[in-house]
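Residue strings, one per chain:
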Amino acid sequence: GNYRFSLILNPLTGGVGSGVTGSRAGVAVVNAWPNPLMAVSKLNLEIMTDRDGPAQAHVYDMAGVEKATLDAGELMVGSNRIVLSGFTIPSGDYIIRIKQDGASSEPVRFSFVR
């Protein structure tokens, strides 16, 4: 089934040496499906961002240990849809966060079944 996630991101403000100028609304995952994700499936994400640029998807286990980093491609201002595949993680529950230009989405939980 499809699950809808609404996430709100805390704004990020720039500082000396931070590489981010001014404040930004950031990046948010609006929807993620399917959940659970089967080993042969691809994870679909709807993402909102306020800035153009490359993004990465970081996958963490429930203890907070990073298990994978995937290229999420170039995001454009506004609504984006990306498809991630190539997960090499064991079955279990995970958290995914999208990071782009110093901003990070809130965590989105998903189950992976191998």
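None of these values were measured; they are calculated from a predicted model.

1. What to know about the nonpolar core
Then step 1. By size, the foremost hydrophobic cluster in this structure holds 25 residues, and its most contacted members are Leu-45, Leu-84, Phe-87, Ile-96 and Ile-98.
Then step 2. Those elements giving two or more residues to this core turn out to be β4 (27–33), β6 (43–49), β7 (53–61), β8 (66–75), β9 (78–84), β10 (92–100) and β12 (108–113).
Then step 3. When residues in this core are grouped by element, the largest group, four residues, is from β8.
Then step 4. Beyond its immediate chain neighbours, meaning those up to four positions away, Leu-45 contacts Val-29, Asn-31, Ala-32, Asn-80, Arg-81, Ile-82, Leu-84, Ile-96 and Ile-98.

2. What about the pairing of β4?
Then step 1. Burial within β4 is extensive, with six of its seven residues counted as buried.
Then step 2. Note: β4 against β6, six bridges, orientation antiparallel. Opposite Val-27, over in β6, you have Thr-49 as the bridge partner.

3. As for the environment of Asp-101
Then step 1. Along the chain, Asp-101 turns up in the loop between β10 and β11 (103–104).
Then step 2. Residue class for Asp-101 comes out partly exposed when judged on its relative accessible area of 38%.
Then step 3. Each C-alpha atom of the pair Asp-101 and Gly-53 lies 7.2 Å from the other, and the pair is 48 residues apart in sequence.
Then step 4. Polar contacts involving the side chain of Asp-101 include one to the side chain of Arg-51, which spans 2.7 Å.

How each quantity is defined
- Residues numbered from 1 in each chain as written.
- Predicted model: local features only at pLDDT ≥ 70, side-chain atom pairs only at ≥ 80, totals over all residues.
- Heavy atoms only, no water.
- Core = buried A, V, L, I, M, F, W, Y, C linked by side-chain atoms within 4.5 Å.
- Buried < 20%, exposed > 50% of the residue type's maximum accessible area, 1.4 Å probe, protein only.
- Helix = DSSP H or I, 4+ residues; strand = E, 2+ residues; numbered from the N terminus.
- Contact = heavy atoms within 4.5 Å.
- Pairing = 2+ DSSP bridges.
- Polar contact = N/O pair within 3.5 Å; in protein donor to acceptor, adjacent residues only side chain to side chain.

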